[in-house]
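Given next are the chains, with one letter for each unit.
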Number of protein chains: 2
Amino acid sequence: MGELDETDRRILELLAADARRPYSDIADEVGLSAPAVSDRVTALEESGVVERFTVDLDRSQLREGAHVLVTLSVPPGNVDDVRAAVEGADAVEHVFVTADGDVLCTARLAAADVRAWVTDTVGTDAITDFDVTLLAASAWRPSVGGAEFAMACDECGNTVTSEGETARVGGDRYHFCCSSCEAAFRERYERHDAEA
Amino acid sequence: MGELDETDRRILELLAADARRPYSDIADEVGLSAPAVSDRVTALEESGVVERFTVDLDRSQLREGAHVLVTLSVPPGNVDDVRAAVEGADAVEHVFVTADGDVLCTARLAAADVRAWVTDTVGTDAITDFDVTLLAASAWRPSVGGAEFAMACDECGNTVTSEGETARVGGDRYHFCCSSCEAAFRERYERHDAEA
DNA sequence: AATGAAAGGATTAAGCC
DNA sequence: GGCTTAATCCTTTCATT
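Keep in mind that what you see is a predicted model, and the values were worked out from it rather than measured.

What follows concerns the protein's contact with DNA strand C. Around DNA strand C, the structure places Arg20, Leu32, Ser33, Pro35, Ala36 and Arg40 of chain A together with Pro22, Tyr23, Ser24, Pro35 and Ser38 of chain B. In DNA strand C, the atoms that sit within 4 Å of the protein are 72% sugar and phosphate, with bases accounting for the remainder. Between DNA strand C and serine 24 of chain B there is a distance of 3.0 Å, counted from a phosphate oxygen to a backbone nitrogen or oxygen. Separating a phosphate oxygen of DNA strand C from a side-chain N or O atom of serine 38 of chain B is a distance of 3.1 Å. Breaking the surface near DNA strand C down by element, the ones donating at least two residues are α3 (34–46) of chain A together with α2 (23–30) and α3 (34–46) of chain B. Element by element, the count of residues in the surface near DNA strand C is highest for α3 of chain A, at 3 residues. Split into classes, the residues belonging to the surface near DNA strand C amount to 6 nonpolar, 3 polar and 2 charged.

Evaluated as defined, the whole model comprises 2 aromatic pairs over all chains. A ring pair is formed by phenylalanine 96 of chain A and phenylalanine 96 of chain B, whose centres lie 6.3 Å apart and whose planes are at 70°; its orientation type is edge-to-face. Here phenylalanine 96 of chain A is found in strand β3 (residues 92–98), whereas its partner phenylalanine 96 of chain B is found in strand β3 (residues 92–98) on a different chain. Taken as a pair, phenylalanine 96 of chain A and phenylalanine 96 of chain B share a single burial class, namely buried. For arginine 20 of chain A, the ring lying beneath its charged end belongs to tyrosine 23 of chain B, and the centroid distance is 3.8 Å. Stacked on the ring of phenylalanine 53 of chain A, the Lys or Arg arginine 20 of chain B has its end atom at 6.0 Å from the ring centre.

A few words on the side chain of aspartate 56 of chain A. Here aspartate 56 of chain A shows up in strand β1 (residues 50–57). With relative accessibility at 7%, the residue aspartate 56 of chain A sits in the buried group. At 2.5 Å, the side chain of aspartate 56 of chain A and the side chain of arginine 52 of chain B are in polar contact. For aspartate 56 of chain A, the residues in contact, after removing those within four places along its chain, are Trp140 of chain A together with Val49, Val50, Glu51, Arg52 and Thr54 of chain B.

All names here are of chain B. Two elements in contact, helix α1 (residues 6–17) and α2, have axes separated by 10 Å at closest approach and are oriented at 135°. Taken as axis vectors, α1 and α2 run oblique relative to one another. Two packed elements cross with a definite hand, and for α1 against α2 that hand is right-handed. Taken together, the residues of α2 that come into contact with α1 (itself represented by Thr7, Arg10, Ile11, Leu14 and Leu15) are Tyr23, Ile26, Glu29 and Val30. For the contact of α1 with α2, the per-class residue count stands at 6 nonpolar, 1 polar and 2 charged.

This part covers the interface of chain B and chain A. Facing 90 residues of chain B, the contacting portion of chain A comprises 90 residues. Counting the surface lost from both chain B and chain A, the interface buries some 8,200 Å², and carbon and sulfur atoms represent 51% of this. Here chain B and chain A share 2 salt bridges between them. Among the salt bridges present, the one from arginine 52 of chain A reaches aspartate 56 of chain B, with a minimum N-O distance of 2.5 Å. Inspection of the region where chain B meets chain A yields 29 residue pairs in polar contact (both at pLDDT 80 or more). Both strand β5 (residues 129–140) of chain A and β3 of chain B contribute to a ladder of 5 bridges, which runs antiparallel. Residue pairing in the sheet places tryptophan 140 of chain A in a bridge with histidine 94 of chain B of β3 of chain B.

Conventions we followed
Per chain, residues are indexed from 1 in the order of the written sequence. For naming, the first written chain is A and the first written ligand is 1, with later ones following in the order written. For a predicted model such as this one, the threshold for reporting local features is a pLDDT of at least 70, and the threshold for listing and counting side-chain atom pairs is 80 or more; totals across whole chains, interfaces and linings nevertheless cover every residue. Excluded from the side-chain calculation are hydrogens and water; included are all heavy atoms of the structure. A single heavy atom is enough: if one lies within 4 Å of a molecule or strand, its residue is considered near that molecule or strand. In protein, a polar contact requires one atom able to donate a hydrogen and another able to accept it; more generally it is a pair of N or O atoms within 3.5 Å, and residues adjacent in sequence count only if both atoms are side-chain atoms. Runs of E in the DSSP output that reach at least two residues are strands. Runs of H or I that reach at least four are helices, and both are numbered from the N terminus. Residue type decides the class: Asp, Glu, Lys and Arg count as charged, Ala, Val, Leu, Ile, Met, Phe, Trp, Tyr, Cys and Pro as nonpolar, and the leftover types, Gly among them, as polar. Between the rings of Phe, Tyr and Trp (Trp by its six-membered ring), a pair exists once the centres lie within 6.5 Å; its type follows the angle of the planes, with under 30 degrees stacked, over 60 edge-to-face, and the other angles tilted. Burial classes follow relative accessibility: with a 1.4 Å probe on protein chains only, a residue under 20% of its type's maximum area counts as buried, one over 50% as exposed, and anything between as partly exposed. Put simply, a charge is over a ring when the Lys NZ or the Arg CZ is close to the ring centre, within 6 Å, and near the line of the ring normal, within 35 degrees. We call two residues contacting when some pair of their heavy atoms lies within 4.5 Å. Axis geometry follows a simple rule: fit a line to the C-alpha atoms, using only the stretch in contact for helices, then measure angles between N-to-C directions, giving values from 0 to 180 degrees. By definition in this entry, angles of less than 35 degrees are roughly parallel, angles greater than 145 are roughly antiparallel, angles of 65 to 115 are roughly perpendicular, and the rest are oblique. By convention, the crossing between two helices is left-handed when the near helix turns anticlockwise from the far helix through less than a right angle, and right-handed when the turn is clockwise. Each of two parts loses accessible area, computed with a 1.4 Å probe, when they are put together; buried area is these two losses added. The salt bridge criterion pairs a side-chain nitrogen of Lys or Arg with a carboxyl oxygen of Asp or Glu, the two atoms within 4 Å. Should DSSP find at least two bridges between two strands, the strands are taken to pair.

Encoded structure:
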């Protein structure tokens, strides 16, 4: 998929607000026909921009356990293993891996049981330390991001034009308006990495 | 809505995997007719268990900025204000409020700009400190939770029967199999609160 | 990307247990 | 109350331009 145009963004925004909204409805909003919207959504799915259509649940009504944030300190070599273990665990909702290799996750657990859960899930050998925080609230906003963020340089925030570049840093795509921003970003990333 | 039965859970799980899946398809899976599924989904929406149908996007393909985790240290009185400010901010994806009153959020920002973003969004007066971590990866699993978590006591993990109780602790609903578990949980919560 | 026809899904209403 | 079936209406898909 080359570039997302303004219409793609509006379609994504409408789907983020209501993923079951008929394409014919969306077509009216964006000034296209229903088949045209359907084609664009298919393309967005195939390119991986759309990962899945899903449902946002109020999990506090599901009696699934207390909501906790678990911070795992992980030695550099174990990050991928720990991440995989956590992502495969049943009670886990979110997983974040920081640039310096810590793994954070949120999960629904019995609060008295977290130590056992960590031991069972990742094992104590794979991590150097862990910390658990009880969460009182959480929210998730499926926004697409305003146009002002559409092409912002990941270093300086200026608009990325066709002169800009996209580069991989630590396995993830980032976008820069110029090569000096890329260099500055990369240096910061590597410094973080070295400290870890 | 009284109780979610096993069928409701399976419907939610199927919708979490594909929110655009036809109700007639789902009906086949769970052994009901399409109107019956539609009625259940409507009830789930009305009771607030289903907050919205939405789309999970690969935001790294949207050129929306670097993914950062911002941890805000917030004085007790300001938690609600800071939370509201962060939840209203355009670049924010997730917001977590810990039981001891810190506010964490993930956002897509230009990495060089985070200080300015925090100042603009929450103001420096409302917080005592903040910390920014670059995120290398993140994942979100819209799972409904297995039956084993369906009625787990939030303190001990045992099954909550009809003898159990639901109580509010710090504004959130929790479920307990007995009153001593509730007391233990509440005491832990209040100790955390006092330390903050 | 639009159109129109055909196929498929959602919703309604009536009736059952 | 919650379910089913059948009819209607709406949405999606496909072939064509």
